[in-house]
Amino acid sequence: MFDMHTHFIPPDVLLWLKDNQNLVQARWEKKSPDQADFLTVNNKWGFELKESFINPGLYLQEQEKAGVSHSLVSPIPQLFMYDFPEYITSELSTVYNRSLGNWIHDNSERLSALATIPLNNPVHAANEIKHAMNLGLKGAIIGPGLSNVMLTDEFFTPFWEEANYQKAIIFIHPLLCEDPRLQKRMMPNLIGVPWETTICAADLLLSGMLDKYPNVRILLAHGGGLLPYQIGRLNKGYEKWIGVSSSLQAPPEEYLRRFWFDNVLWNNTSLNFLVEMVGSDRVVPGSDFPFDLCAWPPIANNESGVKSLLSI
């Protein structure tokens, strides 16, 4: 069984955080005697720093115990560092990707990995994804853009051109939504995370970028958010409005099948609907391990999605 949505923090990254804790406002806080410390960076998005996040041996042991034979490891979104000056984001990206490269080199049968990149400087991001893939990584995990810049903006052209040239996997994984309406009842995570994916994926689809960069393999977290469920609305807009259809060569439903989706949905009916909409070769098993809201152990499904995503 495969797990295409997991997260890990290598020891070198943890050491970098400790060495630069004042610079990035990294704080470790004990909230309960029966929990690990909670790590907060830049005064937001705190999470429990479980041993599975930082212990390579334990990570592999937990994956094996769940029956996972091969895992795709991603950096954690809390360490994207897009809000910091470019040199900080670039430095941490280099440390993170080098560490993951060494880890997968020593465990090539068990692990593949994605890079983190300085998306706040698309030229540097292009250079970093090229460097990371030379280290053996499969592509990069990124957020759904910057605070006021969507991924379809021309600002990101250098990054997309390199990702397309490298035939990279680009895993779009949002951070918690900061919409002021979603500040209670864990809604920044429960509703905000899939909402951010929906906005980003719909923008990518409607922009025509999937035609412009056909070699990029875009993986959407958490079943693609709300997009698969509302694709009929986009189709109707395509029929009615030239402002929708002018950038596309086919109805939105056809483009939906050009993304990949993980199956982190916790509901078999939802998962069956997704597979029916896009095909089993576009859905990959994932867990979001080891975050609290993870689908653990991952649900096994047709491995054709994994093979098409990893090009194996």
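All chains use their own residue numbering, which begins from 1 and follows the written sequence. Only residues with pLDDT of at least 70 get local features here, since the model is predicted, and only at 80 or more are side-chain atom pairs given and counted; chain-wide, interface and lining totals rely on the full set of residues. Hydrogens are left out, water is left out, and the side-chain values use all remaining heavy atoms of the structure.

Novice: Account for the overall build of the protein chain, with residues named and values stated.
Specialist: Regarding its fold elements, the protein chain presents 15 helices and 13 strands. The globule rule puts the C-alpha radius of gyration for 312 residues at 20 Å, and the 19 Å found for the protein chain is close to it. For the protein chain, the spread of C-alpha atoms along the principal axes amounts to about 55 × 45 × 40 Å. To sort residues, take the accessible area from a 1.4 Å probe on protein chains only and compare it with the maximum for the residue type: under 20% means buried, over 50% means exposed, and anything in between is partly exposed. For the protein chain, with 312 residues in total, the buried portion stands at 54%. Note on contacts: a residue pair is in contact if any heavy atoms of the two residues lie within 4.5 Å. Taking contacts inside the protein chain between residues at least 6 apart in sequence as the whole, the part at least 24 apart equals 70%. In this text, helices come from DSSP runs of H or I with a minimum length of four residues, and strands from runs of E with a minimum of two, each type numbered from the N-terminal end. Computation of the radius of gyration draws on C-alpha atoms, with the globule rule given as 2.2 Å multiplied by the number of residues to the power 0.38.

Novice: How would you summarise the packing of helix α6 (residues 122-134) against helix α7 (residues 157-166) if you had to cite specific residues and measurements?
Specialist: Each axis is a line fitted through C-alpha atoms, taken for helices only over the stretch in contact, and angles between the N-to-C directions span 0 to 180 degrees. Two elements in contact, α6 and α7, have axes separated by 7 Å at closest approach and are oriented at 20°. For the element pair α6 / α7, the angle class is roughly parallel. In this structure, the crossing between α6 and α7 has a hand that is right-handed. Here α6 contributes P122, V123, A125, A126, I129, K130 and M133 to the contact with α7, which in turn contributes P158, F159, E162, A163 and Q166. When residues are sorted by character, Ala, Val, Leu, Ile, Met, Phe, Trp, Tyr, Cys and Pro go into the nonpolar class, Asp, Glu, Lys and Arg into the charged class, and all the rest, Gly among them, into the polar class. Taken together, the residues of the contact of α6 with α7 sort by class into 9 nonpolar, 1 polar and 2 charged. Comment on the angle field: the value is read as roughly parallel under 35 degrees, roughly antiparallel over 145, roughly perpendicular from 65 to 115, and oblique elsewhere. Crossings are assigned a handedness: left-handed for a near helix turned anticlockwise from the far helix by less than a right angle, right-handed for a clockwise turn.

Novice: Just give me the short version of empty space enclosed by the protein, but keep the residues and values in it.
Specialist: Lining residues are defined by having an atom within 4 Å of a point belonging to a cavity or pocket. Those points lie on a 1 Å grid over the protein atoms alone, cavities being sets where a 1.4 Å probe fits but cannot get out and pockets being open sets with protein on both sides within 12 Å along at least five of seven lines. Grid points are joined across faces, edges and corners, and a volume is the space filled by probe spheres set on the points. In total, this model carries 1 cavity of 30 Å³ or more according to the counting rule given. Looking at the largest cavity, the residues that line it are W160, L204, M209, L210, Y213 and I218. Among the residues making up the lining of the largest cavity, the classes are represented as 6 nonpolar, no polar and no charged.

Novice: Quick rundown of the pattern of salt bridges? Include the residues and the values.
Specialist: By definition, a salt bridge exists where a carboxyl oxygen of Asp or Glu is found within 4 Å of a side-chain nitrogen of Lys or Arg. Counted under the stated rule, the structure contains 9 salt bridges. Across the pair D37 and K30 runs a salt bridge whose closest N-O atoms are separated by 3.7 Å. Assessed through its relative accessible area of 29%, D37 is described here as partly exposed. Residue D83 pairs with K44 through a salt bridge whose shortest N-O separation is 2.9 Å. Of this pair, D83 sits in the loop between β5 (70-74) and α5 (86-106) while K44 sits in strand β4 (residues 44-48), and the two are 39 residues apart along the sequence. Overall, the relative accessible area of 47% leaves D83 in the partly exposed class.

Novice: Provide a residue-level description of the sheet that holds strand β7 (residues 139-142), including the pertinent values.
Specialist: Spatially, the 5 strands line up as an open sheet ordered β7-β10-β11-β12-β13, and their pairing is parallel. Looking at strand neighbours, the two that pair on one side only are β7 and β13 (283-284), the edges of this open sheet. Two strands are said to pair when DSSP picks up at least two bridges between them.

Novice: Before we move on, could you go through the pairing of strand β10 (residues 169-172) and cite the residues and values that matter?
Specialist: Every regular strand shows the same layout, with side chains that alternate between the two sheet faces. What you see with β10 is no split at all: I169 and F171 on one side and I170 and I172 on the other are buried throughout. With 4 bridges connecting them, β10 and strand β11 (residues 217-220) associate as parallel partners. Looking at β11, one finds that I170 is bridged to I218.

Novice: How would you explain the pairing of β5 if you had to name every residue and give the values?
Specialist: Taking burial as the measure, the 5 residues of β5 include 5 buried ones, the bulk of the element. Side chains H70, L72 and S74 of β5 all project onto a buried face; the interleaved residues S71 and V73 project onto the opposite face, where all are buried too. When strand β1 (residues 2-7) meets β5, the two strands line up parallel, connected through 4 bridges. For T6, the partnering residue across the bridge sits in β5 and is V73. Bridge analysis of β5 against strand β6 (residues 111-113) gives 3 bridges, and the strand direction is parallel. Its bridge partner lying in β6, L72 is registered against S112. For crossovers, right-handed means that the path from the first strand over the helix to the second runs clockwise, given strands pointing away from the viewer. Read as a crossover between parallel neighbours, the route from β5 over α5 to β6 is right-handed.

Novice: Please give an account of the nonpolar core that cites residues and values.
Specialist: The nonpolar side chains of soluble globular proteins are, as a tendency, buried together. Side-chain atoms within 4.5 Å link the members of a nonpolar core, which is a set of buried Ala, Val, Leu, Ile, Met, Phe, Trp, Tyr and Cys residues. The biggest cluster of nonpolar side chains holds 93 residues, and the ones touching the most others in it are I9, L79, I142, F159, W160 and I170. Among all residues touching I9, those that are not within four sequence positions of it are L14, F47, L49, F53, I54, I76, L79 and Y96.

Novice: Run through the side chain of S99, naming residues and quoting values.
Specialist: Within the secondary structure layout, S99 lies in helix α5. Judged by its relative accessible area of 8%, S99 falls in the buried class. Those residues in contact with S99, other than ones at most four positions away along the chain, are P10 and D12.

Novice: Tell me about the layout of surface pockets, and please be specific about residues and values.
Specialist: Roughly 1100 Å³ of internal volume is contained in the largest pocket. Breaking the lining of the largest pocket down by element, the ones donating at least two residues are β4, α8 (187-190), α9 (192-207) and α14 (268-278). Here the lining of the largest pocket is built from residues that sort into 25 nonpolar, 10 polar and 9 charged. Size it by volume and the second largest pocket reaches roughly 600 Å³. Around the second largest pocket, the lining is made up of 27 residues, and of these W45, G145, L146, S147 and E178 lie nearest the centre. The element that contributes the greatest number of residues to the lining of the second largest pocket is α9, accounting for 3 residues. Of the residues assigned to the lining of the second largest pocket, the class counts are 17 nonpolar, 5 polar and 5 charged.

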